[in-house]
Amino acid sequence: MTRHRLLVGLLVLLLIVLAGCGGSSEPEATAVPPTNTPVPPTNTPVPPTNTPVPPTATPVPPTATPVPPTATPEPEPEPEAGAFEAVQAAAEAYVTSDAKPVMTADALFENLNDGDPDNDPFVVSVRSPDHYALGHIPGAINIPWKNIAKPESLAKLPTDRPIVTYCYTGHTGQAAATALNLLGYDTINLKFGMMGWTQDDEVLATKRYDPATSPDYPLETEPNEATETYDFPELAIETDMPDDVVRAAVDAYLNAEGMKPVITADAVFENLNDGDPDNDPVIVSVRGPDHYALGHIPGAINIPWKTIADPANLAKLPSDKPIVTYCYTGHTGQLANTVLGVLGYDTVNMKYGMMGWTQDDEVLATGRYDPATSPDYPLETDGDKATETGMADNAVQVAAVDYFSQGTKNITAEALFENLNDGDEGNDPYIISVRSPDDYAKGHIAGAVNMSPKDVLNPETLAALPADQEIVVYCYTGQTASHVTSQLNTAGLDAKNLLFGMSSWSDDPEVYNKRFNPDATPMGYATVTEPFEAEGTFDLASPLAAEPAPAGDAYFDGGGPRYTSAEALFENLNDGDTDNDPYIISVRSQEDYDKGHIDGAVWYSPKELFQPDVLDSLPTDREIVVACYTGQTASQVTSALNALGYDASSLLHGMSGWTDDPEVFVKRFNPGVHVQGYPTESGS
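Overview of the structure. (Residues numbered from 1 in each chain as written. Predicted model: local features only at pLDDT ≥ 70, side-chain atom pairs only at ≥ 80, totals over all residues. Heavy atoms only, no water.)

Here D616 shows up in the loop between α25 (612-615) and β19 (624-627). Excluding its chain neighbours within four sequence positions, the residues that come into contact with D616 are G536, T537, F538 and L540. (Helix = DSSP H or I, 4+ residues; strand = E, 2+ residues; numbered from the N terminus. Contact = heavy atoms within 4.5 Å.)

Next up, the structure:
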């Protein structure tokens, strides 16, 4: 009996334990209450059977339903900024700065005559050459306003000195000043232009503002709000240099077909009252809100000029409808108009602003131009003062700045093949082979004309080349053709180098003859990451001729194109005689220069190299070696340097031929990628 009771007790205990552990992984919803059935007394103590507690010693995470990972997702990469974004950023930086849009003739005259020439601004007349010749502010150079953003014009302007622009009545001077400010120049416009400087109407060369005959058109004081938002315009800017987008956009706007900087108040009033609301422009007052409230052109919305580049305000403006801006006297309206125009809007500024619309001086809210009290300061009629830049008599350097500041011109084999086979012969380029006659006869691109590099710049040959057709030059690997391409562009033609030459066009070794071999050519020479600086300043070299084409011809006649191999350069640098070491310049990107360069090499941007204040860091009594990635950009730079009188050679195949480290050479000719296998024709 005792054994029986013991067995019963153990069985009850086992049931309790099983109830606590359970066979399921999920806890019981309701705990099992203690039993009410009395247990007969036993000699063996029974563990207490109070409310069982589910086990909690080691919690097990639930695994029935997998939980997806919850790591913070990586942010999507920002889209690459386009032309519109680049211009908008430059514009907003300018208009929100402390820069003043205008200065008075009194302030300019005082500055120029304070006895301290060190604080004199650089004065630029943006009038026509004929009107500049009639009379200009003493010391002013002449750059017509439509040309102000062209590389050859910018090459004449200092970057470390204030610039003052002026025109006729203040409007195109303001457009030019705005353009230069967008490009980073410290520029201010002369208020009212020559109208504010001289009483000589013959020199002024345009009608002077007359307050007695100025219109007095209706105003309204009820504010108008922009009720819609629009997409931004799409800027189609053609440039191979990302950092040239703003300049290219400015130049495209200033020279756009049909572009007019101003419209008269009479024309605006007539448009708004012709009975056809469909042709009405969007009118934008860029005056302060308080002055807008005093009175504005009927229907005008208000966007103060300092906020004109704000994306939220730009979204209020349609890109498919004309816009008219206006201000007080025409100046800040012209500034805003120029910003909008460069951004791609169809816009024009109202001449003289509210001064040209109303006779109400309280609404005008600024001083009205008064011809009776306008100054009459001295003029001069002698020549342009561009000699201050060191470039006035150096047409070869001006041409080099013009070309290289826009980026070297190249074309891939794929792009050329597509062009030649698009079914439109009207857009086909004129193709020049500068290979040997024998190799030309073995195979050449269909239609190509064969020339010796030494003959291309001859006056007779040059005269026969098309001035209105793109030219493509090719050789074996792109080196010689790059030398020729550089000279053709500085001579005023539109030429491109075929990247990697026939090495890329043809897969026939009998045709391409020689090419860069990535398995054999690289020498595996050492590179360094320590940067090197220019060693001093020098007088500029004397060009081989007064004009670009003869200078290029003299270069080729005198032994060009000039190259040096990696082996020859290495031997020179390691012959124990440092006196014969060349001055080495790298024209790769700053980022890739930092990854590795030839010991002693100084970094230069090819876009800026030919500017006077950069070019003067090159020695004239020492050989220069130019290195790039594959030798082609260096060849173009080298060619121009030789025409300018420097003793320069390009490093054959660039860093591709110097090092076998892909982290350093970055990019090189790759037969598996660059060879296209396009057809050729044979015979001479």
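So much for the structure itself; the text now carries on.
Attention shifts here to the nonpolar core. Ranked by size, the top nonpolar core spans 54 residues in total, and within it V124, I148, L157 and L317 carry the most contacts. Where this core is concerned, the elements lending two or more residues are α2 (83-95), β2 (122-125), α6 (171-182), α8 (245-254), β7 (282-285) and α12 (331-342). In terms of nonpolar packing, the next biggest core, distinct from the first, is built from 35 residues, A105, I137, A140 and M354 among them. (Core = buried A, V, L, I, M, F, W, Y, C linked by side-chain atoms within 4.5 Å. Buried < 20%, exposed > 50% of the residue type's maximum accessible area, 1.4 Å probe, protein only.)

Looking now at the pairing of strand β4 (residues 163-166). In the case of a regular strand, side chains alternate between the two sheet surfaces. Of the two faces of β4, both are covered, the one formed by I163 and T165 as well as the one formed by V164 and Y166. Sheet analysis places β2 next to β4, joined by four bridges and oriented parallel. Considered in β4, the bridge of F122 is made with I163. Examined bridge by bridge, β4 and strand β5 (residues 187-190) share three bridges and lie parallel to one another. For V164, the partnering residue across the bridge sits in β5 and is I188. (Pairing = 2+ DSSP bridges.)

Right, let's get into the packing of helix α19 (residues 479-490) against helix α22 (residues 548-557). Two numbers describe how α19 lies on α22: the axes approach to 8 Å, and their chain directions differ by 160 degrees. Regarding the angle of α19 to α22, the classification is roughly antiparallel. Considering how the two elements wind past one another, α19 and α22 form a crossing that is left-handed. Along its contact with α19, which presents H483, V484, Q487 and T490, the element α22 presents P548, G552, Y555 and F556. Broken down by class, the residue content of the contact of α19 with α22 amounts to four nonpolar, four polar and no charged. (Axes fitted to C-alpha atoms, helices over the stretch in contact; angles between N-to-C directions. Parallel < 35°, antiparallel > 145°, perpendicular 65-115°, else oblique. Left-handed = near helix turned anticlockwise from the far one by under 90°. Nonpolar A, V, L, I, M, F, W, Y, C, P; charged D, E, K, R; others polar.)

Now for the sheet that holds strand β1 (residues 102-103). On the basis of which strands lie adjacent, the open sheet formed by five strands has the order β1-β5-β4-β2-β3 and parallel pairing. The open sheet terminates on both sides in strands that have one partner only, identified here as β1 and β3 (141-142). Where β1 meets β5, two bridges bridge the pair, whose relative direction is parallel. Looking at the pairing, V102 lines up with N189 of β5.

So, on to the packing of aromatic side chains. The final tally for this structure, using the stated rule, is 20 aromatic pairs. When the ring of Y555 is compared with that of F556, the centres are 5.1 Å apart and the planes differ by 40 degrees; the resulting orientation is tilted. Here a set of aromatic residues connected by ring pairs shows up, and it is made of F192, Y209, Y352 and Y369. Across the ring face of Y512, the terminal group of R515 is positioned such that the distance to the ring centre comes to 3.6 Å. Over the face of the ring belonging to F665 we find R668, whose NZ or CZ atom lies 3.5 Å from the ring centre. (Phe/Tyr/Trp six-rings, centres within 6.5 Å; stacked < 30°, edge-to-face > 60°. Lys NZ or Arg CZ within 6 Å of the ring centre and 35° of its normal.)

The next point concerns the sheet that holds strand β14 (residues 471-474). Spatial strand order, β11-β15-β14-β12-β13: five strands in an open sheet with parallel pairing. Looking at which strands have only one partner, the edges of the open sheet turn out to be β11 (410-411) and β13 (449-450). Bridge count for strand β12 (residues 430-433) against β14 is four bridges, and the pairing is parallel. Along β14, the bridge assignment pairs I431 with V472.

Attention shifts here to the environment of D376. Within the element layout of this structure, D376 appears in the loop between α13 (361-364) and α14 (395-404). Along the sequence, D376 and Q199 sit 177 residues apart, while their C-alpha atoms lie 5.1 Å from each other. There is a polar contact of 3.3 Å between the side chain of D376 and the side chain of T198. Looking at D376, its side chain comes within polar contact range of the main-chain nitrogen of Q199, at 2.9 Å. (Polar contact = N/O pair within 3.5 Å; in protein donor to acceptor, adjacent residues only side chain to side chain.)

Contact geometry for α14 and helix α26 (residues 632-643): axes closest at 10 Å, N-to-C directions at 165 degrees. On the basis of their axis angle, the class for α14 and α26 is roughly antiparallel. The hand of the α14/α26 crossing is left-handed. Contacts from V396, Y403 and F404 of α14 reach α26 at Q636, V637, A640 and A643. Across the contact of α14 with α26, the residue classes break down as six nonpolar, one polar and no charged.

As a rule of thumb, non-glycine residues mostly have phi less than zero, and peptide bonds are mostly trans rather than cis. A cis amide bond links G560 to the next residue, P561, at an omega of 0 degrees. Following the sequence through the fold, P561 ends up in the loop between α22 and β16 (563-564). Backbone geometry at F192 places phi at a positive 65 degrees, although glycine is not the residue there. Within the secondary structure, F192 is located in the loop between β5 and α7 (201-204). With phi around 70 degrees, V666 is a residue other than glycine that occupies positive phi space. Along the chain, V666 falls in the loop between α28 (662-665) and α29 (671-674).

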